[in-house]
Amino acid sequence: MPSNQPDQMRAILESVRTIALVGASEKTHRPSHEVMEYMQHHGYRMIPVNPRLAGQKVLGETVYADIASLPEPVDMVELFLAPERTDAVIDQAIELNIPVIWLQIGVINEAGAARAEAAGLTVVMDKCPKQEIPRLGIPTVSSRT
């Protein structure tokens, strides 16, 4: 069962530091770009993932083709993908043992979430951290003790 309870999301957002954003966009009007920028300003290290943009820069960060190509471990993978495109990323996250998978609003994959949770990963589904951070009163990363 996804970890969508406020206390669970708070614990996640207060503990993660480095996040791979799958489905990152260079287009400033796209929700993935807006969320990435918000999260950066809130102190998170955001690493964009998009095979179409691999090697380019988005918001000052190099874009990678997939999460297996990331140069460093991440605490969370956030998915801005159509639900039918999430299985491969979820399976990669399981293989790489990324602790948290966060599926954005409207991104629902019950079977994928169940696989990830069975593998010991934490899953949040159909939620947006940009909305949850102010709602839950999460301080910026740099101001946490």
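Residues numbered from 1 in each chain as written. Predicted model: local features only at pLDDT ≥ 70, side-chain atom pairs only at ≥ 80, totals over all residues. Heavy atoms only, no water.

Novice: Sorry, what's going on with the overall build of the protein chain here?
Specialist: Tallying secondary structure elements over the protein chain gives 5 helices and 7 strands in all. Element order for the protein chain, N to C, with α for helix and β for strand: α-β-α-β-β-β-β-α-β-α-β-α. For 145 residues, the compact-globule estimate of 2.2 N^0.38 gives 15 Å, and the protein chain sits close to it at 14 Å. If one aligns the C-alpha atoms of the protein chain with their principal axes, the spans along those axes are about 35 × 35 × 25 Å. A fraction of 61% describes how many contacts in the protein chain between residues 6 or more apart in sequence connect residues 24 or more apart. A total accessible area of about 6,900 Å² is found for the protein chain, and carbon and sulfur atoms account for 51% of it. Side chains of the protein chain give 13 positive and 18 negative charges; the mean places of these two sets differ by 5 Å. (Helix = DSSP H or I, 4+ residues; strand = E, 2+ residues; numbered from the N terminus. Rg over C-alpha atoms; globule rule 2.2 N^0.38 Å. Contact = heavy atoms within 4.5 Å. Areas by Shrake-Rupley, 256 points an atom, 1.4 Å probe, with all protein chains shown as cover. Lys, Arg positive; Asp, Glu negative; His and termini not counted. Charge placed at Lys NZ, Arg CZ, Asp CG, Glu CD.)

Novice: Looking at this structure, how should I read the layout of surface pockets?
Specialist: A probe matching the size of a water molecule, rolled over the atoms, marks out where space remains unfilled. If you add up the space inside the largest pocket, you get close to 160 Å³. Around the largest pocket sit 13 residues that line it, and Val22, Gly23, Pro51, Leu81 and Arg85 are the ones nearest its centre. (1 Å grid on protein atoms, 1.4 Å probe; cavity = no way out; pocket = protein on both sides within 12 Å on 5 of 7 lines; lining within 4 Å. Points joined across faces, edges and corners; volume = space filled by probe spheres on them.)

Novice: Got a minute to help me understand the sheet that holds strand S7 (residues 122-124) in this structure?
Specialist: In a beta sheet, neighbouring strands are held together by backbone hydrogen bonds and run either parallel or antiparallel to one another. Taken together, 5 strands build an open sheet; the order of strands is S2-S1-S5-S6-S7 and the sheet is parallel. Among the strands making up the open sheet, the edge pair consists of strand S2 (45-49) and S7. Averaged over all pairs of adjacent strands, the angle between their axes in this sheet comes to 20 degrees, without regard to strand direction. Bridge analysis of strand S1 (residues 18-22) against strand S5 (residues 76-79) gives 4 bridges, and the strand direction is parallel. Bridging from a neighbouring strand, Val22 pairs with Leu79 of S5. Of the strands in this sheet, S5, strand S6 (100-103) and S7 touch helix H1 (residues 6-15), which is tilted by about 115 degrees from S6. Relative to the sheet, helix H3 (residues 87-96) contacts S1, S5 and S6, its axis offset from that of S5 by approximately 180 degrees. (Pairing = 2+ DSSP bridges. Axes fitted to C-alpha atoms, helices over the stretch in contact; angles between N-to-C directions.)

Novice: Just to check I follow, could you spell out H3 for this structure?
Specialist: Because an α-helix completes one turn every 3.6 residues, residues spaced three or four positions apart along the sequence face the same direction. Those residues of H3 lying buried are Val89, Ile90 and Ala93. All buried residues of H3 project into a common sector of 100 degrees when viewed along the axis, lining one side. When the buried face of H3 is taken as reference, the exposed residues oriented beyond 90 degrees from it are Ala88 and Glu95. One or two steps after H3, the chain reaches Asn97, where phi turns positive at roughly 55 degrees. (Buried < 20%, exposed > 50% of the residue type's maximum accessible area, 1.4 Å probe, protein only. Arc of directions from axis to C-beta.)

Novice: Can you help me understand the packing of helix H2 (residues 31-41) against helix H5 (residues 129-136) in this one?
Specialist: Helix-helix packing is characterised by the crossing angle of the two axes and by the distance between the axes. It is the contact of H2 with H5, at a shortest axis distance of 9 Å, that shows an interaxial angle of 40 degrees. Relative to H5, H2 is oriented oblique. Residues Glu34, Val35, Tyr38 and Met39 of H2 pack against Pro129, Lys130, Ile133 and Pro134 of H5. When the residues that make up the contact of H2 with H5 are grouped by side-chain class, the tally is 6 nonpolar, no polar and 2 charged. (Parallel < 35°, antiparallel > 145°, perpendicular 65-115°, else oblique. Nonpolar A, V, L, I, M, F, W, Y, C, P; charged D, E, K, R; others polar.)

Novice: Would you mind showing me how to read H2 here?
Specialist: The set of residues buried in H2 consists of Ser32, His33, Val35, Met36 and Met39. Buried residues of H2 fall within an arc of 165 degrees about the axis and therefore sit on the same side. Of the surrounding elements, those touching the buried residues of H2 are S1, S2, strand S3 (57-58), strand S4 (61-62), S5 and H5. Positive phi shows up at Gly43, right after H2, with a value of about 105 degrees.

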